[in-house]
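# Descriptive analysis of the structure
Letter by letter, the chains look like this.
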There are 2 protein chains.
Amino acid sequence: MRQIKHPSIDQVELTDIMYALSEPTRLEIVGRLANAGRKLTCGELDLNRPKSSMSHHFKILRAAGLVETLIEGTEHMNALRIAEIEQKFPGVLQSVLTALNKS
Amino acid sequence: MRQIKHPSIDQVELTDIMYALSEPTRLEIVGRLANAGRKLTCGELDLNRPKSSMSHHFKILRAAGLVETLIEGTEHMNALRIAEIEQKFPGVLQSVLTALNKS
DNA sequence: TCTATAATTCGATTATATTCGAACTATAGA
DNA sequence: TCTATAGTTCGAATATAATCGAATTATAGA
């Protein structure tokens, strides 16, 4: 069961996080993953966009270090790397999530 | 003495802020404005880039609502709109500034 | 009114992102 | 071994952004 590679937390750059969060679809994905409180498949998110577009956005979220994807069978389970990100950049992701939930 | 137009704080979007902060030069400008604790002219920042490039980045920072520019004579004095941004998106800008000062 | 200074705007070039259909890969289960 | 399912990768089109020299605007001061 081959797994997807992710950057280690010390490779994660603040600019990459900012960039990943600057796109509405990706911000929506991040918000839903946070609120779900459990791992979600790409399909469960259902933002009404083609699979290839979703895949593209997940790739960027992974590269930024925001999302971790575990392959389980035919599904890809996605989770926010919130604890690690908070440790490295305290408050950054948390405050964005708070702002998201207010709007 | 004509002044530059800025968005009102309720027009400011989280994605625009994230986008503005996703570019290293702009992040640097924001960090210096925060640390200076006073208004700075574009020239004082001196990031070793052509004036037209700096002007472009300031335009984006202004449009995102992050920077306010007051014209005084021939100089443009720039300040972070930190109080307003903090009120609307608590912790977002502050945590980014903290992360910047650690790196 | 002339000159110097500060910064913006314009315009062209190049680079980077987004979008999405079609083809492909990997796994589970019949 | 066949089929269905979940997602990725490819490739091409389109859109958006970054870069920077040259021209322009606005002001201060001589």
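Residues numbered from 1 in each chain as written. Chains lettered and ligands numbered in written order. Predicted model: local features only at pLDDT ≥ 70, side-chain atom pairs only at ≥ 80, totals over all residues. Heavy atoms only, no water.

## So, the interface of chain B and chain A
Tallying the contact residues gives 17 residues for chain B and 17 residues for chain A. Counting each side, the surface lost to burial between chain B and chain A is near 1,300 Å², with a carbon and sulfur contribution of 80%. Three residues, Leu 14, Thr 15 and Met 18 of chain B, lead the burial of chain B against chain A; their summed loss comes to 34% of the area buried on that side. The interface formed by chain B and chain A contains 0 salt bridges. Listed by contribution, the elements that provide at least two residues to the side of chain B that touches chain A are helix H1 (14-20), helix H2 (24-36) and helix H6 (92-102) of chain B. Residue contributions to the side of chain B that touches chain A peak at 5 residues, all from H6 of chain B. (Contact = heavy atoms within 4.5 Å. Buried area = accessible area lost by both parts, 1.4 Å probe. Salt bridge = Lys/Arg side-chain N within 4 Å of Asp/Glu carboxyl O. Helix = DSSP H or I, 4+ residues; strand = E, 2+ residues; numbered from the N terminus.)

## Points about the protein's contact with DNA strand C
Around DNA strand C, a shell composed of 24 residues is seen, among which Tyr 19 and Thr 74 of chain A together with Lys 51, Ser 55 and Arg 62 of chain B lie nearest. The separation between a base nitrogen of DNA strand C and a polar side-chain atom of Ser 52 of chain A is 3.1 Å. Interatomic distance of 2.9 Å between a side-chain N/O atom of His 57 of chain A and a phosphate oxygen of DNA strand C. Going through the elements one at a time, helix H4 (51-63) of chain A together with helix H3 (42-45), helix H4 (51-63) and strand S3 (75-80) of chain B are the ones with two or more residues in the surface near DNA strand C. (Near = heavy atom within 4 Å. Polar contact = N/O pair within 3.5 Å; in protein donor to acceptor, adjacent residues only side chain to side chain.)

## Overview of the protein's contact with DNA strand D
Taken together, the neighbourhood of DNA strand D is formed by 24 residues, with Lys 51, Ser 55 and Arg 62 of chain A together with Tyr 19 and Thr 74 of chain B sitting nearest. Counted by atom, the contact set of DNA strand D within 4 Å of the protein is 65% sugar and phosphate. In the model, a phosphate oxygen of DNA strand D is placed 2.4 Å from a nitrogen or oxygen of the Arg 62 of chain A side chain. Between DNA strand D and Ser 52 of chain B, the relevant distance is 3.1 Å, taken from a base nitrogen to a side-chain nitrogen or oxygen of the residue.

## Describing the side chain of Thr 15 of chain A
With respect to the element layout, Thr 15 of chain A can be found in helix H1 (residues 14-20). Ignoring anything within four residues of it in the chain, the contact list for Thr 15 of chain A reads Leu 21, Ser 22, Glu 23, Pro 24 and Leu 27 of chain B.

## Thoughts on the relation of the copies chain B and chain A
For the pair chain B and chain A, the superposition axis carries a translation of 0.0 Å, the fit reaches an RMSD of 0.0 Å, and the rotation angle comes to 180 degrees. On the angle and the small slide along the axis, the relation comes out as a two-fold axis. For chain B, the minimum C-alpha distance to the rotation axis belongs to Met 18 of chain B and amounts to 2.5 Å. Most of the interface of chain B is mirrored in chain A: 100% of its interface residues are interface residues there too. (Least-squares fit on C-alpha atoms with pLDDT ≥ 70 in both.)

## Remarks on the packing of helix H2 (residues 24-36) of chain A against H4 of chain A
All names here are of chain A. Axis separation between H2 and H4 bottoms out at 10 Å; the angle between their running directions is 70 degrees. The orientation of H2 with respect to H4, classified from their angle, is roughly perpendicular. On H4, the residues touching Thr 25, Arg 26, Ile 29 and Val 30 of H2 are Met 54, His 57, Phe 58, Ile 60 and Leu 61. Class assignment for the residues of the contact of H2 with H4 results in 6 nonpolar, 2 polar and 1 charged. (Axes fitted to C-alpha atoms, helices over the stretch in contact; angles between N-to-C directions. Parallel < 35°, antiparallel > 145°, perpendicular 65-115°, else oblique. Nonpolar A, V, L, I, M, F, W, Y, C, P; charged D, E, K, R; others polar.)

## Some thoughts on the pairing of strand S3 (residues 75-80) of chain A
All names here are of chain A. Bridging between strand S1 (residues 40-41) and S3 involves 2 bridges; their strand directions are antiparallel. Looking at S3, one finds that Thr 41 is bridged to Met 77. Here strand S2 (residues 67-72) runs beside S3; their pairing, made up of 6 bridges, is antiparallel. Bridge pairing in S3 places Leu 70 opposite Met 77. (Pairing = 2+ DSSP bridges.)

## Things to note about the sheet that holds S3 of chain B
Residue and element names in this part refer to chain B. Across the sheet, 3 strands lie side by side as S1-S3-S2; this open sheet has antiparallel pairing. Strand pairing shows two members of the sheet lacking a second neighbour, strand S1 (40-41) and strand S2 (67-72), which therefore form its edges. Packed on one face of the sheet, H2 meets S1, S2 and S3 and runs near 85 degrees to S3. Where H4 meets the sheet, it contacts S2 and S3, and its direction lies at approximately 120 degrees from that of S2.

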